[in-house]
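Take a look at the letters that make up each chain.
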Amino acid sequence: MIRDTISHMNEKILIVEDEPDIREAMAEAMAEAGYQVSTAENGLVGLTLAQAEHPDLILLDIKMPVLDGLGMLDQLRLDDWGMTVKVIMLTAMDDMQNIADAHEKNIKDYVIKAHHSLDEIILKVKNVLFAE
């Protein structure tokens, strides 16, 4: 695992993922990397948490029950804060239409879960948080 001795100054990460094993593994990895972590099992819970907690970055799955990731992202982008929140789409879907749809919604990255380790995802999170 990538370990950082540098404080992340308490950046908040919201993980919105319907698969419990993936959600828990990612939350543990992000916490070990020094981030404050919240999790949600679907887009509706994720939207509520995002609007209440204003995380610095959201890791957002696309295919979920209740409200999918693109639907959550649409709702986020209607809000002044949500318009600019950093989002990394985290999904199993690699078809071009989903990638194009996600990028039209001003996301920072699109990560296909099967193609990236937790360490690589943490590195992407760090790059997105510190890019601006």
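Residues numbered from 1 in each chain as written. Predicted model: local features only at pLDDT ≥ 70, side-chain atom pairs only at ≥ 80, totals over all residues. Heavy atoms only, no water.

(A) Focus on the overall build of the chain. Broken down by element type, the chain carries 5 helices and 5 strands. Split into buried and exposed, the 132 residues of the chain put 45% on the buried side. Intrachain contacts of the chain at a sequence separation of at least 6 include 63% that bridge at least 24 residues. Summed over its atoms, the accessible surface of the chain is roughly 6,800 Å², and 52% of this surface lies on carbon and sulfur atoms. (Helix = DSSP H or I, 4+ residues; strand = E, 2+ residues; numbered from the N terminus. Buried < 20%, exposed > 50% of the residue type's maximum accessible area, 1.4 Å probe, protein only. Contact = heavy atoms within 4.5 Å. Areas by Shrake-Rupley, 256 points an atom, 1.4 Å probe, with all protein chains shown as cover.)

(B) The side chain of arginine 77, seen in detail. Along the chain, the position of arginine 77 falls in the loop between helix H3 (69-76) and strand S4 (86-91). Once you skip the residues sitting within four places of it in the chain, arginine 77 turns out to touch Gly82, Met83, Thr84, Val85, Val87, Lys105, Asn106 and Ile107.

(C) Just the packing of helix H1 (residues 20-32) against helix H5 (residues 118-130), in detail. Contact geometry of H1 with H5 gives a least axis separation of 10 Å together with a crossing angle of 55°. Classified by the interaxial angle, the pair formed by H1 and H5 is oblique. In the packing of H1 onto H5, the handedness of the crossing is right-handed. Between H1 and H5, the residues in contact are Ala25, Met26, Ala29 and Met30 and Leu118, Ile121, Ile122 and Val125, respectively. Residues that form the contact of H1 with H5 fall into these classes: 8 nonpolar, no polar and no charged. (Axes fitted to C-alpha atoms, helices over the stretch in contact; angles between N-to-C directions. Parallel < 35°, antiparallel > 145°, perpendicular 65-115°, else oblique. Left-handed = near helix turned anticlockwise from the far one by under 90°. Nonpolar A, V, L, I, M, F, W, Y, C, P; charged D, E, K, R; others polar.)

(D) Representation of H1 within the structure. In this model, H1 (13 residues) spans 18 Å end to end at C-alpha, consistent with the 18 Å of a helix rising 1.5 Å per residue. The set of residues buried in H1 consists of Arg23, Met26, Ala27, Ala29 and Met30. Taken down its axis, H1 places every buried residue within 165° of arc, on the same side. Residues of H1 that are exposed and angled more than 90 degrees away from the buried face: Asp21, Glu24 and Glu28. On its buried side, H1 packs onto strand S1 (12-16), strand S2 (36-40), strand S3 (57-60), S4 and H5. Once H1 finishes, glycine 34 follows within two positions and takes phi at roughly 100°, a positive value. (Expected span 1.5 Å × (residues − 1). Arc of directions from axis to C-beta.)

(E) Region of interest: the nonpolar core. Residues Val16, Ile58, Leu60, Met72, Leu76, Val87 and Met89 are the most contacted members of the largest nonpolar core, which totals 21 residues. Sorting the residues of this core by element identifies S1, helix H2 (43-53), S3, H3, S4 and strand S5 (109-112) as the ones contributing at least two each. Leaving out residues up to four positions away in the same chain, isoleucine 58 has contacts with Leu14, Val16, Ala50, Met72, Leu76, Trp81, Val85, Lys86, Val87 and Ile88. Counting 18 residues, the second largest nonpolar core, distinct from the first, contains Met26, Tyr35, Ile88 and Leu90. (Core = buried A, V, L, I, M, F, W, Y, C linked by side-chain atoms within 4.5 Å.)

(F) Expanded view of the confidence of the model for the chain. Mean pLDDT for the chain: 86, with 87% of residues reaching 70 or above. Within the model, pLDDT remains below 50 along residues 1-8, and this stretch shows 15 contacts once partners closer than five positions in the same chain are excluded. (pLDDT = per-residue confidence, 0-100.)

(G) Inspection of unusual backbone geometry at higher detail. The phi dihedral of histidine 54 falls on the positive side, at around 45°, and the residue is not glycine. For histidine 54, a relative accessible area of 37% puts it in the partly exposed group. The backbone phi angle of valine 66 is positive, close to 70°, even though this residue is not glycine. The topology assignment puts valine 66 in the loop between S3 and H3.

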